[in-house]
Amino acid sequence: MAQIFVGHCTLVCDAYGIKYTKKFVNTLQDNICECGAMETLISDGGSALVSNKVKDILRTLLIADYQFEPYHQHQNKAENRYGTLKRWINTIMNITGCPAFCWLICLRYVCVLLNHLSSSALDGATPLQALLGMPPDITFLLLFAFWDEVYYKVDSDEPTSGSFPSSSNEKLGRWVGFATNIGDCFTWKILTNDTNQIIYRSAVRRAESTLPNLCVNPSSGESSQTSLPDTIFVRSKSDHADVSPEHSSPPMHTISPEHSSPPMHTISFDDLIGRTFLCPPEENGEQLRACVIKQVIDLDKSNQARKDNVQFLFHKDKSIADELISYNQLMEYIQQDSQAKTQGDLLFKFRAITAHQGPLESSDPHYRSSKYNVLVEWETGETTYELLSLIANDDPITCAVYGKRHGLLDEPGWKHLKRYTKTSKSLIRAAKQSRIKQTRHSVKYQFGFQIPHDYKEAVDLDNKNGNTKWQDGVELELLQISSYETFKDHGKARWENGKVTNATPGYQKIRVHLVFAVKHDGRHKARLVADGHLTKEPVETIYSGVVSICNLRITIFLAELNMLELWGADIGNAYLEALTGKKIFIIAGPEFKELKGHILIMYKALHGLKFSGARWHDRLFDVLSEMGFSPSKADPDIWLKKAPDGS
């Protein structure tokens, strides 16, 4: 979706792509940074538009707030501009034939056009003229049209389309707009043909010119096909600049690492083993998840490029036989699966019941020992028909909610669920508790890999996938824990009646657990976290301050004003630099290998403890003080140090 800002008196329009309405506050800040603060923010009063964060911004910048009456769009004077934008976008996309996922790029292009064109509502002036007081230059609008096929120059430090020095220094792409914040006014947005990404170039010429590039687009002869390397490159979601991830479905999923500043992430054939992906829907509406089992070489294609003769064996849930899938198909499914998820978010298994079948007779092909089947939508993206009795035994609350909504609680097979709906308050409370239970115990996936809940499950998954990725991640985490001397070993624990008899007096026993995750480049990570809720409530304060974003901006402004050099740094495992200051111990689990069952005194401030943040803040205070820094009076988290000359 997109958020559009329209000037009340100037008709200047700006568009920003957003994934959720709650991101409105970010687009408001972007618009204020680019165009300055408006006098009044007029909106329809939606919850995201009148949130506390938005009100804080309006109060800080002294911007008035106004909402027109709900369901009275005619009170919004920007509605006419919205209609104009829609008509122009539909016309341009219909004439050019550009794909549907380019709608956001086209919207931004149309906004630039309308801002530079005369409007009868402004007595012949342009919106930018009404805003700035002077007519804008439109020269750059006349050079290209939306979706023109163009040649763009490849930079000398970028890989070209070929592997020889004689390869062309140009590539084909589509002209899709103006680079408003990059380069000069003759820098353009180009949608590349080979990677389907937005790049910015000033060296651009029309492909329909009298001097065609026959190396890039040969008019005759055989088309050159270069074999792909053994390692494939997949862009992360953040690399799709200016393309809405909700509407984009780039056709290229095996691409070269070019035209992007973020690093490309490699996935070898071996790393694909154990990955899961969502298969296309079956005829009955079910959509199953499949797991890659092993790599297979097709000997009939051994004389072709390696990517063509490699296939993978995969297994689908509820399927008896395993199936084969080509390399390109597998990468396409994995890419689509990744785009369907939010920024590395974990997906929980059970979501809702969306449909049902029944009542069914024994002669019905869908009959499976139950008169009713329900279509279950899993959080992994799958949709499968399951027996009502089976789902009701596992989660009667969700079934009761669905049955009440569709008037099924008086039907055979549903009647026993009616008792859960006697009072609406108890039903809502039970539904929430059921949802929490599913969240805690359901299977989780991240970037196609199943995420373990604990160390035992991590070992089981490694054995199942034939690798040691999760165990390697745990070993690396514990190696870092050991290097910081986080624990002190006090020998083997002796137990009697469920209690440790040789623990140091005065020390409290707590637990630790491992949190697992998969990074966007396929790395398996583990983090040891303390169960801080088991510790006693601290008497002293555990507050740990952070610098405010407003003061950070002032600091950056002062540095720029005084021509000072700015540096950014990150402190790895910051909490482990500080001491706990508390008497706590744990009993080492199987992940500690040879220390399993030992008493480990917690010496450093481990993640998860209530006071770890405050202890790290104290440690940072001591170190900066020793270096000659002192906290400022305006913000105690901004530290200052006098220059050698005393200034």
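Being a predicted model, the structure only gives us computed values, none of them experimental. (Residues numbered from 1 in each chain as written. Predicted model: local features only at pLDDT ≥ 70, side-chain atom pairs only at ≥ 80, totals over all residues. Heavy atoms only, no water.)

*Asks:* Lay out the pairing of strand S8 (residues 198–201) in plain terms, naming residues and giving numbers.
*Replies:* The pairing of strand S7 (residues 188–192) with S8 spans four bridges and is antiparallel. Each bridged residue has a counterpart across the sheet, and for Leu-191 the counterpart in S8 is Ile-198. Linking two consecutive strands that pair antiparallel, namely S7 and S8, is a turn of five residues; a positive phi of about 60° is found at Asn-196 within it. (Pairing = 2+ DSSP bridges. Helix = DSSP H or I, 4+ residues; strand = E, 2+ residues; numbered from the N terminus.)

*Asks:* Let's hear about the side chain of Arg-81: which residues, and what values?
*Replies:* Mapping Arg-81 onto the fold places it in helix H3 (residues 79–96). Lacking a salt bridge, the buried Arg-81 has Asp-14 as its closest oppositely charged neighbour, with an N-O distance of 10 Å. Within the structure, Arg-81 has its side chain in polar contact with the backbone oxygen of Leu-11 (distance 3.5 Å). Apart from residues lying up to four places away in sequence, Arg-81 is in contact with Val-6, Leu-11, Cys-13, Leu-114 and Pro-127. (Buried < 20%, exposed > 50% of the residue type's maximum accessible area, 1.4 Å probe, protein only. Lys, Arg positive; Asp, Glu negative; His and termini not counted. Salt bridge = Lys/Arg side-chain N within 4 Å of Asp/Glu carboxyl O. Polar contact = N/O pair within 3.5 Å; in protein donor to acceptor, adjacent residues only side chain to side chain. Contact = heavy atoms within 4.5 Å.)

*Asks:* Run through the packing of H3 against helix H4 (residues 103–116), naming residues and quoting values.
*Replies:* Packing of H3 against H4 brings their axes to within 9 Å, and their N-to-C directions diverge by 120°. Regarding the angle of H3 to H4, the classification is oblique. Seen from above, H3 lies across H4 with right-handed handedness. In this structure, H3 contributes Arg-81, Thr-84, Leu-85, Trp-88, Ile-89, Ile-92 and Met-93 to the contact, and H4 contributes Trp-103, Cys-106, Leu-107, Tyr-109, Val-110, Cys-111, Leu-113 and Leu-114. For the contact of H3 with H4, the residue count by class is 13 nonpolar, one polar and one charged. (Axes fitted to C-alpha atoms, helices over the stretch in contact; angles between N-to-C directions. Parallel < 35°, antiparallel > 145°, perpendicular 65-115°, else oblique. Left-handed = near helix turned anticlockwise from the far one by under 90°. Nonpolar A, V, L, I, M, F, W, Y, C, P; charged D, E, K, R; others polar.)

*Asks:* How would you explain the packing of helix H1 (residues 24–35) against helix H2 (residues 52–60) if you had to name every residue and give the values?
*Replies:* Two numbers describe how H1 lies on H2: the axes approach to 9 Å, and their chain directions differ by 20°. Relative to H2, the element H1 lies roughly parallel. Considering how the two elements wind past one another, H1 and H2 form a crossing that is right-handed. Note on element contacts: H2 touches H1 through Lys-53, Val-54, Ile-57 and Leu-58, opposite Phe-24, Val-25, Leu-28, Gln-29 and Ile-32. Here the residues of the contact of H1 with H2 are counted per class, giving seven nonpolar, one polar and one charged.

*Asks:* Outline the pairing of strand S4 (residues 64–67), supporting the account with residue identities and numerical values.
*Replies:* Of the strand pairs in this sheet, strand S3 (residues 40–43) and S4 are connected by four bridges, and their pairing is parallel. Along S4, the bridge assignment pairs Ile-42 with Tyr-66. Of the crossover connections in this fold, the one passing from S3 over H2 to the parallel S4 is right-handed. (Right-handed = clockwise from strand over helix to strand, strands pointing away.)

*Asks:* Tell me what's going on with the sheet that holds strand S24 (residues 508–509), and back it up with residues and numbers.
*Replies:* Strand order in the open sheet formed by four strands is S21-S28-S27-S24, and the pairing between neighbours is mixed. Whereas interior strands pair on both sides, the edge strands pair on one side only; in this sheet they are strand S21 (487–492) and S24. Alignment of S21 against strand S28 (residues 598–602), held across four bridges, turns out to be antiparallel. Paired with Phe-487 across the strands is Met-602, a residue of S28.

*Asks:* So what's going on with H3? Which residues, and what values?
*Replies:* Counted at 1.5 Å a residue, the expected span for H3 with its 18 residues is 26 Å, and the 26 Å between its end C-alpha atoms agrees. Buried residues of H3: Arg-81, Thr-84, Leu-85, Ile-89, Ile-92 and Met-93, and no others. Relative to the axis of H3, the buried residues are bounded by an arc of 150° and lie together on one face. Looking at H3, the residues exposed on the side facing more than 90 degrees away from the buried face are Asn-80, Lys-86, Arg-87, Asn-94 and Ile-95. Those residues of H3 that are buried lie in contact with strand S1 (2–6), strand S2 (13–17), H4 and helix H5 (127–132). Where H3 ends, the next residue or the one after it, Gly-97, has phi of about 75°, a positive value. (Expected span 1.5 Å × (residues − 1). Arc of directions from axis to C-beta.)

*Asks:* Lay out the sheet that holds S8 in plain terms, naming residues and giving numbers.
*Replies:* With respect to topology, five strands assemble into an open sheet ordered S8-S7-S6-S5-S9, the strand pairing being antiparallel. Edge positions in the sheet fall to S8 and strand S9 (204–206), since each of these pairs with one other strand and no more. Taken over all neighbouring pairs, the strand axes of this sheet differ in orientation by 50° on average, direction set aside. As judged from the six bridges shared by strand S5 (residues 148–153) and strand S6 (residues 170–178), these two strands associate in the antiparallel manner. Paired with Val-150 across the strands is Gly-173, a residue of S6. Most of the contacts of H4 go to S6, to which it runs at about 55°, and overall it touches S6, S7 and S8.

*Asks:* Tell me about H4, and name the residues and values.
*Replies:* In a regular helix each residue adds 1.5 Å, so 14 residues correspond to 20 Å; H4 covers 20 Å between its end C-alpha atoms and thus fits that length. In terms of residue burial, H4 counts as a mostly covered element, since 13 of its 14 residues are buried.

*Asks:* Quick one: what's the story with the environment of Asn-551, residue by residue and with numbers?
*Replies:* Relative to the elements of secondary structure, Asn-551 occurs in helix H13 (residues 549–561). Note: C-alpha distance between Asn-551 and Asp-637 (86 residues apart in sequence) is 9.6 Å. Leaving out residues up to four positions away in the same chain, Asn-551 has contacts with Asp-635 and Ile-638. At a separation of 3.0 Å, a polar atom in the side chain of Asn-551 contacts the side chain of Ser-548.

In short, geometric facts, not functional conclusions.
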